[in-house]
Amino acid sequence: MLVVYGVGLGALLILLYLLSFPLALEFTTLSDSLILAYTRLQEGRAAFSRFDPLIADRLPTVEELAAILTGDQMTVFGEAIINVTQNLGGIIGQFLLAMVLSIYWTADQLRFERFWLSLLPVAQRARAREIWHSIEAQMGAYLRSEISQSVLAGILLAPGFWFMGIDYPLIWALFVSLAWFIPLVGWLIVVVPLWVMIALGEGAVTATGAVAYTLIILAFLEFFVERRLYTQTRYTNVVIILVMLIMVDAYGIVGLLIAPPLATAIEVLLAKLVEKPTKTVTATLSDTDVSKLKARLEETRQLLATVDTPNMPRLVNMTERLEGLLSQADEL
């Protein structure tokens, strides 16, 4: 378990380290490019053909925009940046907390399961365990699928953008990778600003090629990679939309991100609840069988009396429960 967590966290840190320097270099020159692109748009020399003058007449000049940013509105922008930073810090803190809890859960999963199952009636524990394992498997498959697709999107898009001569290929690849976590509409959030910004900088032809390449990669991930990692049901998108509406209203962007796995858990739970339980085959015990089981239980008691292990209370408890079951079988 430590090897798996160590390799996973180590790979994440190495990836962040390798991307930090080129991303920092791209971000340092991004502001100048944004000013240049805005200047071209304000002067009506963008990629909107006959709509250029109409757009240019309604945009402030670069000097007016700079005056706005350095005036009273600067405080508003500063507060917005602080809020975004705080939200990002909260998301990172929640991620680290979830990571720590997952380590605790993985280390002692059986004990946690036995604890919460002990709160249920004995007759319902097997079915509750089955439902829990199904939810855990489906949510795990979804998370592995989305993370794998996001990483693959960044790996495949960055070289393609660089080959097409697009400025800031790593920033665009990172933007697409993060937007992929937004369910259903993530691709739409990507393609519109991607085409507009590249059209302002490199031209409409390059922007169209970049959007086409991005859509091809996303379609490959959606219809080839995802179907080999995670299988959706016919009602998955409907449940996701309903959960998204509730979670976004309650928790904002965090609710939007956790809506798909939560919808997956709800869907599995509802499917298991309406599913007819499998019939159990009951075996009949004779008096001889019960006597043999009692004899074996007594041998187990004598064996436990001679050993001392950390799990002794648990073994004693299981022995007492077996004795109770044998008493019920004897009465029947």
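Just above sits the structure.
Quick caveat, the model's predicted, so the values are computed rather than measured.

Definitions and cut-offs
All residue numbers refer to position in the chain's written sequence, counted from 1. Where totals are concerned, whole chains, interfaces and linings use all residues; where local detail is concerned, this predicted model gives features only for residues with pLDDT of at least 70, and gives and counts side-chain atom pairs only at 80 or more. In computing side-chain values, all of the structure's heavy atoms are included and hydrogens and water are not. Labels follow the DSSP assignment, with helices taken as runs of H or I lasting at least four residues and strands as runs of E lasting at least two, numbered in each case from the N terminus. Think of it in three bands: with a 1.4 Å probe and only protein chains considered, a residue is buried below 20% of the maximum accessible area for its type, exposed above 50%, and partly exposed in between. Charged-residue counts in this description rest on Lys and Arg as positive and Asp and Glu as negative, His and the chain ends being excluded. Salt bridges are defined as contacts in which a side-chain nitrogen from Lys or Arg sits within 4 Å of a carboxyl oxygen from Asp or Glu. Should any heavy atoms of two residues lie within 4.5 Å, those residues are counted as being in contact. In plain words, nonpolar cores are sets of buried Ala, Val, Leu, Ile, Met, Phe, Trp, Tyr and Cys residues tied together by side-chain atoms within 4.5 Å.

Mapped onto the elements of the fold, Ile258 is located in helix 11 (residues 253-274). Counting along the chain gives 14 residues from Ile258 to Met244, while the straight-line C-alpha distance between them is 8.6 Å.

Secondary-structure assignment places Glu113 in helix 5 (residues 109-117). Buried and without a salt bridge, Glu113 has Arg129 as its closest oppositely charged side chain, separated by 4.7 Å. Non-local contacts of Glu113, meaning those with residues more than four positions away in its chain, are made with Trp105, Trp132, His133 and Glu136.

Ranked by internal contacts, the top residues of the largest apolar core, which has 25 residues, are Leu157, Phe161, Ile166, Trp172, Leu194, Ile198 and Leu221. When contributions to this core are tallied by element, the ones reaching two or more residues are helix 6 (122-163), helix 7 (169-179), helix 8 (186-201) and helix 9 (204-229). Top element by residues in this core is helix 9. It accounts for seven residues. Residues contacting Phe161, with those up to four places away along its chain left out, are Ile166, Pro169, Trp172, Ala173, Leu194, Ala210, Tyr213 and Thr214.

Let us now look at the pattern of salt bridges. Scanning all chains against the criterion turns up three salt bridges. Between Asp108 and Arg111 there is a salt bridge; the shortest N-O distance is 2.9 Å. Residue classification places Arg111 among the partly exposed residues on the basis of a relative accessible area of 48%. A salt bridge links Glu323 to Arg301, with the shortest nitrogen-to-oxygen separation between them at 2.3 Å. Taken together, the residues span a long stretch of sequence, with Glu323 in helix 13 (residues 312-331) and Arg301 in helix 12 (residues 287-304) at a distance of 22 residues. Judged by its relative accessible area of 37%, Glu323 falls in the partly exposed class. Note on Arg301: relative accessible area 32%, which makes it partly exposed.

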